[in-house]
Amino acid sequence: MSPDRSHPSWPSAETPRTAAVMAGRWIRSAAVDDERGRHWRPNPDPRRDSAGSGRPGSLYAGAAGIVLFFLELAAATGQETYLEDARAGARYLAATWRAETDLSLYDGVAGMVFALAEVGWATGDERFEVAARAGADHIVRSLRRTDKGVGWTGDPAQRGDGGIILGLLHAAGILGVSTYGEIAVEAGTRAADHVVPGHRFGEEGLPDLPVDAVTPGFLSGTAGTAFLLARLYGVTRDRRFLDAARRGADFVRTVSTVAEGHVLVPHHVPQGRRLHYLGLCSGSAGVARMFYELYRVTGDVGDLDWVQRLAAGIMCSGVPGSRTPGFWNVACQCCGAAGLLELFIGLWAATGERPYLDFARTLGDDLVGRATTHDGAGFRWYQAYRRLRPWEVTADTGYMIGAAGIGSALLHLDAAEPTGQARRLILLPDNPFPAIPVPASELRRSQ
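Residues numbered from 1 in each chain as written. Predicted model: local features only at pLDDT ≥ 70, side-chain atom pairs only at ≥ 80, totals over all residues. Heavy atoms only, no water.

## A look at helix H9 (residues 239-255)
Selection rule: Note on conventions: DSSP H or I runs of at least 4 residues are helices, E runs of at least 2 residues are strands, and numbering of each starts at the N terminus. To estimate how far a helix should reach, multiply one less than its number of residues by 1.5 Å. Each residue is placed in one exposure class: buried if its accessible area under a 1.4 Å probe, protein chains only, is under 20% of its type's maximum, exposed if it is over 50%, and partly exposed if it falls in between. Here a residue-residue contact requires only that any non-hydrogen atoms of the pair lie within 4.5 Å.
With 17 residues, H9 ought to run about 24 Å at 1.5 Å a step, and its terminal C-alpha atoms sit 25 Å apart, in line with that. For H9, the set of buried residues is Phe 241, Leu 242, Ala 244, Ala 245, Gly 248, Ala 249, Phe 251, Val 252 and Val 255. Elements in contact with the buried residues of H9: helix H7 (178-192), helix H8 (222-236), strand S5 (257-259) and helix H10 (284-298).

## Concerning the environment of Thr 397
For the record, the criterion: In protein, a polar contact requires one atom able to donate a hydrogen and another able to accept it; more generally it is a pair of N or O atoms within 3.5 Å, and residues adjacent in sequence count only if both atoms are side-chain atoms.
As for its placement among the helices and strands, Thr 397 is situated in the loop between helix H13 (354-370) and helix H14 (403-416). A relative accessible area of 0% places Thr 397 in the buried class. In this structure, the C-alpha to C-alpha distance between Thr 397 and Asn 43, residues 354 residues apart in sequence, is 6.0 Å. Residue contacts for Thr 397: discarding those within four places in its chain leaves Trp 26, Ile 27, Ala 30, Arg 41, Pro 42, Pro 44, Ile 66, Gly 402, Ala 403 and Ala 404. A distance of 2.9 Å separates a polar side-chain atom of Thr 397 from the backbone oxygen of Arg 41.

## Regarding the side chain of Glu 293
You can see Glu 293 is positioned in helix H10. Residue class for Glu 293 comes out buried when judged on its relative accessible area of 0%. Contacts of Glu 293, omitting those with residues within four sequence positions, involve Phe 227, Ala 230, Arg 231 and Pro 432.

## So, unusual backbone geometry
Of the consecutive residues Val 269 and Pro 270, the connecting peptide bond is found in the cis state with omega at 5°. The omega torsion across Val 319 and Pro 320 is 5°, close enough to zero to call that bond cis. For Glu 260, which is not a glycine, the phi torsion comes out positive at approximately 50°. Turning to its location among the elements, Glu 260 is positioned in the loop between S5 and strand S6 (262-264). Glu 260 sits in the exposed class, given a relative accessible area of 80%.

## Here we look at the packing of helix H2 (residues 63-77) against H14
Let me state the cut-off plainly: All axes here are fitted lines through C-alpha atoms, helices being fitted over the stretch that makes contact, and every angle between N-to-C directions spans 0 to 180 degrees. An angle below 35 degrees is treated as roughly parallel, one above 145 as roughly antiparallel, one from 65 to 115 as roughly perpendicular, and anything else as oblique. In a left-handed crossing the near helix is turned counterclockwise from the far helix by less than a right angle, and in a right-handed crossing that turn is clockwise. For this classification, Asp, Glu, Lys and Arg are treated as charged, while Ala, Val, Leu, Ile, Met, Phe, Trp, Tyr, Cys and Pro are nonpolar and the rest, including Gly, are polar.
Contact pair H2 / H14: the axes reach a minimum separation of 9 Å and the direction vectors enclose 30°. On the basis of their axis angle, the class for H2 and H14 is roughly parallel. H2 and H14 meet at a crossing whose hand is left-handed. Residues Gly 65, Ile 66, Phe 69, Glu 72, Leu 73 and Ala 76 of H2 form the contact with H14, whose participating residues are Ala 404, Gly 407, Ser 408, Leu 411 and His 412. A breakdown of the residues in the contact of H2 with H14 according to their chemical character gives 6 nonpolar, 4 polar and 1 charged.

## Structural notes on helix H5 (residues 126-141)
For H5, which comprises 16 residues, the first-to-last C-alpha distance of 22 Å matches the rise-based estimate of 22 Å (1.5 Å per residue) to within 8%. Listing the buried residues of H5 in full gives Phe 128, Ala 131, Ala 132, Ala 134, Gly 135, Ala 136, Ile 139 and Val 140. Where H5 is buried, its residues contact helix H3 (80-96), helix H4 (109-123), helix H6 (161-175) and H7.

## Here's the deal with the environment of Arg 127
As for its placement among the helices and strands, Arg 127 is situated in helix H5. Since its relative accessible area comes to 53%, Arg 127 is described here as exposed. One polar contact links Arg 127 to Asp 125, side chain to side chain, over a distance of 2.7 Å.

## Structural notes on the state of the cysteines
Condition: Here, the term disulfide refers to a pair of cysteine sulfur atoms separated by no more than 2.5 Å.
If you walk through the whole model with that rule in mind, you get 0 disulfides. With no disulfide of its own, Cys 334 has Cys 281 as its nearest cysteine by sulfur position, at a separation of 3.9 Å. A disulfide-free cysteine, Cys 335 has its sulfur positioned 4.0 Å from the sulfur of Cys 332, the nearest such atom.

## Focus: empty space enclosed by the protein
Here is the rule we go by: Cavities and pockets were defined on a 1 Å grid built over protein atoms only: a cavity is a set of grid points that admits a 1.4 Å probe from which the probe cannot escape, a pocket is an open set flanked by protein on both sides within 12 Å along at least five of seven lines, and lining residues are those with an atom within 4 Å of any such point. Grid points are joined across faces, edges and corners, and a volume is the space filled by probe spheres set on the points.
Enumeration according to the criterion identifies 2 cavities of 30 Å³ or more in this entry. When its volume is computed, the largest cavity comes out at roughly 80 Å³. Taken together, 13 residues form the lining of the largest cavity, with Arg 289, Gln 333, Glu 342, Tyr 399 and Leu 428 sitting closest to its centre. Looking at the lining of the largest cavity, its residues break down into 7 nonpolar, 3 polar and 3 charged. Approximately 50 Å³ is the volume found for the second largest cavity.

## Considering the pairing of strand S2 (residues 37-40)
When a strand is regular, its side chains alternate between the sheet's two faces. Heads up, the condition is: DSSP calls a pair of strands paired once it identifies at least 2 bridges connecting them.
Residue alternation in S2 divides its side chains into two sets, Gly 37 and His 39 and Arg 38 and Trp 40, and both sets are buried. Judged from the 4 bridges that link them, strand S1 (residues 31-34) and S2 form a sheet pairing that is antiparallel. Each bridged residue has a counterpart across the sheet, and for Val 32 the counterpart in S2 is His 39. Turn length for the S1-S2 hairpin, with the two strands adjacent in sequence and antiparallel, is 2 residues.

## Some remarks on the nonpolar core
As a reminder of what qualifies: To define a nonpolar core, start from buried Ala, Val, Leu, Ile, Met, Phe, Trp, Tyr and Cys residues and group those joined through side-chain atoms within 4.5 Å.
Among the nonpolar cores identified, the biggest contains 150 residues, and Trp 152, Met 290, Phe 291, Phe 344 and Trp 381 are the most heavily contacted of them. It is H2 that provides the largest number of residues to this core, a total of 11 residues. For Trp 381, the residues in contact, after removing those within four places along its chain, are Ala 19, Ala 23, Ala 331, Leu 367, Arg 370, Ala 371, Thr 394, Ala 395, Ala 403, Ile 406 and Leu 410.

## Considering the pattern of salt bridges
This is how the line gets drawn: Note on definitions: salt bridges are taken to be side-chain nitrogens of Lys or Arg within 4 Å of carboxyl oxygens of Asp or Glu.
Applying the stated criterion to the full structure yields 30 salt bridges. Between Asp 414 and Arg 17 there is a salt bridge, and its shortest N-O distance comes to 3.0 Å. Remark: Arg 17 occurs in helix H1 (residues 16-28) and Asp 414 occurs in helix H14; sequence separation between them is 397 residues. Asp 414 gets classed as buried once you look at its relative accessible area, which sits at 16%.

## A few points about the layout of surface pockets
Put simply, the second largest pocket is a space of about 310 Å³. Lining the second largest pocket are 16 residues, with His 170, Leu 427, Leu 428, Pro 429 and Asn 431 sitting closest to its centre. The element best represented in the lining of the second largest pocket is H6, accounting for 3 residues. Its residues assigned to classes, the lining of the second largest pocket shows 10 nonpolar, 2 polar and 4 charged.

As far as function goes, none of this settles anything; it's purely spatial.
Written as structure tokens, this is what we have:
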């Protein structure tokens with residue numbers, strides 16, 4: 001069903017930008033300031049739990065992701081106060097990254113480095129660039145060399161070594177340290193040696209999946225690892241990386257359901273072939289990123305065709321007005337409507353095909369309509385983050401899981417509108433789409 005806009009909690013007459021501003025108001029209500037800087041509680045609502053990871057500095061659900069949101073809010077509105085929010089959060093990251101034992105992009109040091117580098121670039125404050133370099137140096141020093149190759153976690157997926165490698169590639173460019181890129185390439189060769197790059201969820205004993213489950217998805221599966229390998233091929237032009245990325249992509253093609261011009265990807269095989277997630281983490285939106293990265297670095301239109309088939313599968317599924325087993329009551333970047341919004345904004349920028357922008361607007365309207373502000377503190381989005389526990393409904397402040405990421409996606413939609421002012425977006429290292437979300441034809445027309 002579509003959201004009931006007559007409900008007293010639904011906002012009215014809001015635009016994507018004003019909804020993002022209201023999300024910023026709620027996130028500010030969760031701010032905690034101390035001698036280290038500023039971080040934000042995962043959920044400031046009384047008597048409400050959080051679905052977050054418990055890592056206050058993380059990109060996924062903590063300060064690093066919220067810092068990125070405030071940077072984008074400052075760029076969209078021109079208000080200096082939002083830059084101060086970002087600076088305060090960056091001071092916290094600079095003071096706390098050394099206490100973080102997780103090195104990964106979404107939950108650990110690599111994500112904190114990413115946010116620090118972006119704040120340094122946006123503000124010109126060298127203190128944050130220095131802190132970002134120190135964090136990246138720590139990651140490089142932590143590299144382990146064994147008879148099985150080099151790496152950090154032994155997991156090639158985005159949640160493990162894959163994300164760390166992408167973070168180092170970004171750091172090499174924005175911080176101007178070529179060593180980071182060299183280490184990233186060296187670590188990536190381990191994933192390239194796999195017959196089918198990917199990840200078996202069950203090997204780690206996760207209770208929700210059988211021990212022999214294989215996941216073709218993005219954040220913890222084959223598609224994310226193939227994306228990484230395609231990115232490394234684009235950096236190095238080393239055929240080993242492209243061949244390995246192709247093996248991963250071929251596996252995803254093999255297990256997918258193809259019908260009448262659209263594609264759906266199973267959450268896991270062999271048991272979950274009929275469970276088709278649509279979001280970023282384990283579904284079509286994430287897998288589409290992998291195929292677009294292959295298209296970006298090779299120019300093979302067959303890869304772009306698969307991106308468009310995956311998008312068509314989402315568009316004909318009935319979402320966001322209806323709910324499916326792979327698109328339940330969830331709004332966030334990780335597995336919900338905000339992650340889909342990022343895909344369709346990217347496709348509009350990459351192809352200039354108007355139906356993608358139209359569908360992005362539909363997703364944006366749904367997100368704005370789902371926001372609630374029953375206490376007047378600002379917008380938040382209540383959702384059942386964990387599909388298998390639909391009774392756990394929470395609203396969170398973080399990027400991949402809550403209001404910061406939803407607000408960022410809405411700001412990206414605002415920037416993608418042809419009537420708006422084109423501006424650079426902050427895209428995470430695993431987003432392959434243009435950072436200026438307007439097709440080149442539209443930019444030329446506005447000059």
